[in-house]
Amino acid sequence: MNKLMQTGIVGLGSALLVGCASQANYVDSGGPRTLTTVNQINIQDYQMAADKMVNSLIHTMINQGRLETSANGQAILGISRVINNTSEHVDTDLLTKKIRVALNKTGQVVTTTTYGLGGKAEDPLAQQILRDREKAEGKALTLLPDYSLSGKIIELRTRVGRKYQSSHVFQLTLTSRDGLAVWEDEKTITKQGGRRSLGG
Amino acid sequence: MGIGMAGLLAVAGCRSVNMVEPEGRINAPSMVADKRVVTDPSLARRVQVVSIGEAEGAGGHIRVQAEVRNTTRNYRTFSYKFEWLDGDGILIELPSGGYQRSQLEGGESRMLTSVAPTAAAKDFRLKLIEKVR
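Residues numbered from 1 in each chain as written. Chains lettered and ligands numbered in written order. Predicted model: local features only at pLDDT ≥ 70, side-chain atom pairs only at ≥ 80, totals over all residues.

Q: Just to check I follow, could you spell out the overall build of chain A for this structure?
A: Helix and strand counts for chain A stand at four helices and five strands. Reading the helices (α) and strands (β) of chain A from amino to carboxyl end gives α-α-β-α-β-α-β-β-β. Relative to the 2.2 N^0.38 estimate, which gives 16 Å for 200 residues, the radius of gyration of chain A is 24 Å and therefore markedly larger than a compact globule would have. Scored against the burial criterion, the 200 residues of chain A give a buried share of 26%. The contacts in chain A between residues at least 6 apart in sequence include a share of 64% that link residues at least 24 apart. (Helix = DSSP H or I, 4+ residues; strand = E, 2+ residues; numbered from the N terminus. Rg over C-alpha atoms; globule rule 2.2 N^0.38 Å. Buried ≥ 20, exposed ≤ 12 C-beta atoms within 10 Å, placed from the backbone. Contact = placed C-beta atoms within 7 Å.)

What follows is the structure in structure tokens.
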């Protein structure tokens, strides 16, 4: 085989390898193949934390019959402040929305999108519609939340030699309309790895 | 000497868990007769599902608990997921319902638990997979 052919085969092989390596693939967001980095909250971390919180909420409040309902046999949930005490920019909806969806599917909890912190509604149009209806009908229609969900995400970092460790602590509290924390739970997710697993 | 050093390193890496519990279990959940589909026999040997129990709460949501045991003396990582099915056998999908990462020290047993997302959930599946990433 002459040198030109050999060069061509090597070049073609290299191009194929590079092509395969850069090819993008879909992976299941909740599956075991998602990438894990040490110093960031990954999508699976939000899912693990939300799953634990949902299980705990359903068992404590619904399964033990402690949920107090008002509107149509459903409890109204308001979303309060979830403080991000980590070094990265975090959209806390990545945690709270999963919990809201799960609670909604129980059929016993609905979330208000027109009553929020400082009067700011999650859905300003829905809030405007409600206010216009109140004006037209001459009566208050806004339903106040029975419960509010608040929390905090805290980050702890450690390093020993070339080994890095990060712990993210997810804390949530459900407060009743009497101002009492009727449910609380915490989930800590700890990851370790070398420098290459720190993520960018 | 090389063999001796390798043996020492192997022993240093192996730590297993001793466990003490009451002889008779009080208030144990009802055990579930399970059907197992094993496509990874090595995982099934190393991370063994010892038993599965279920209980129904006053609110009508089923709770399940699976006891898994690491039958080796080595630290093992795996992922697991509970899937819930309604009365018609249709999967109930949730954004929080992904694989949970878990770990077991050598010889350690752990309880994996899940609560049905709705009172309509009547059946479940437990999936286990060895660490992929």
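Moving on, there is more to tell.
Q: In this structure, what is going on with the overall build of chain B? I would like to understand it.
A: For chain B, the count of helices and strands is two helices and seven strands. From first element to last, N terminus to C terminus, chain B shows the α and β order α-β-α-β-β-β-β-β-β. Counting the 133 residues in chain B, one finds 17% classified as buried. Considering only intrachain contacts with a sequence separation of at least 6, the fraction spanning at least 24 residues in chain B is 69%.

Q: Would you take a moment to explain the interface of chain B and chain A for this structure?
A: The figure often quoted for interface size is the accessible area lost as the parts come together. Each side of the interface is counted separately: chain B has 22 residues, and chain A has 26 residues. Counting residues per element, the ones that place at least two in the side of chain B that touches chain A are β5 (100-104) and β6 (109-115) of chain B. Sort the elements by how many residues they give to the side of chain B that touches chain A and β6(B) lands first, with three residues.

Q: I keep staring at the sheet that holds strand β7 (residues 121-130) of chain B and nothing clicks. Help me out?
A: Strand pairing in a sheet takes place through backbone hydrogen bonds and is either antiparallel or parallel in direction. All names here are of chain B. On the basis of which strands lie adjacent, the open sheet formed by three strands has the order β5-β4-β7 and antiparallel pairing. Single-partner strands in this sheet number two, and they are β5 and β7. Mean inter-strand twist for the sheet, computed between neighbouring axes without regard to direction, equals 30°. When strand β4 (residues 76-86) meets β7, the two strands line up antiparallel, connected through nine bridges. When the bridges of β7 are listed, Phe78 appears paired with Glu130. (Pairing = 2+ DSSP bridges. Axes fitted to C-alpha atoms, helices over the stretch in contact; angles between N-to-C directions.)

Q: Mind showing me how you'd approach the pairing of β4(B) here?
A: Taken together, the five bridges between β4(B) and β5(B) define a ladder with antiparallel strand orientation. The residue of β5(B) that forms the bridge with B:Thr77 is B:Gln103.

Q: Is there a simple way to explain the packing of helix α2 (residues 43-62) of chain A against helix α3 (residues 93-105) of chain A in this structure?
A: When two helices pack together, you describe them by how their axes are tilted relative to each other and by the distance separating the axes. Residue and element names in this part refer to chain A. In the contact formed by α2 and α3, the axes pass within 9 Å of each other and the chain directions differ by 40°. Relative to α3, the element α2 lies oblique. You can see that α2 and α3 cross each other, and the crossing is right-handed. Judged by residue contacts, Tyr46, Gln47, Ala49, Ala50, Met53, Val54 and Leu57 of α2 engage Leu94, Leu95, Lys98, Ile99, Ala102 and Leu103 from α3. For the contact of α2 with α3, a count of residues per class yields eleven nonpolar, one polar and one charged. (Parallel < 35°, antiparallel > 145°, perpendicular 65-115°, else oblique. Left-handed = near helix turned anticlockwise from the far one by under 90°. Nonpolar A, V, L, I, M, F, W, Y, C, P; charged D, E, K, R; others polar.)

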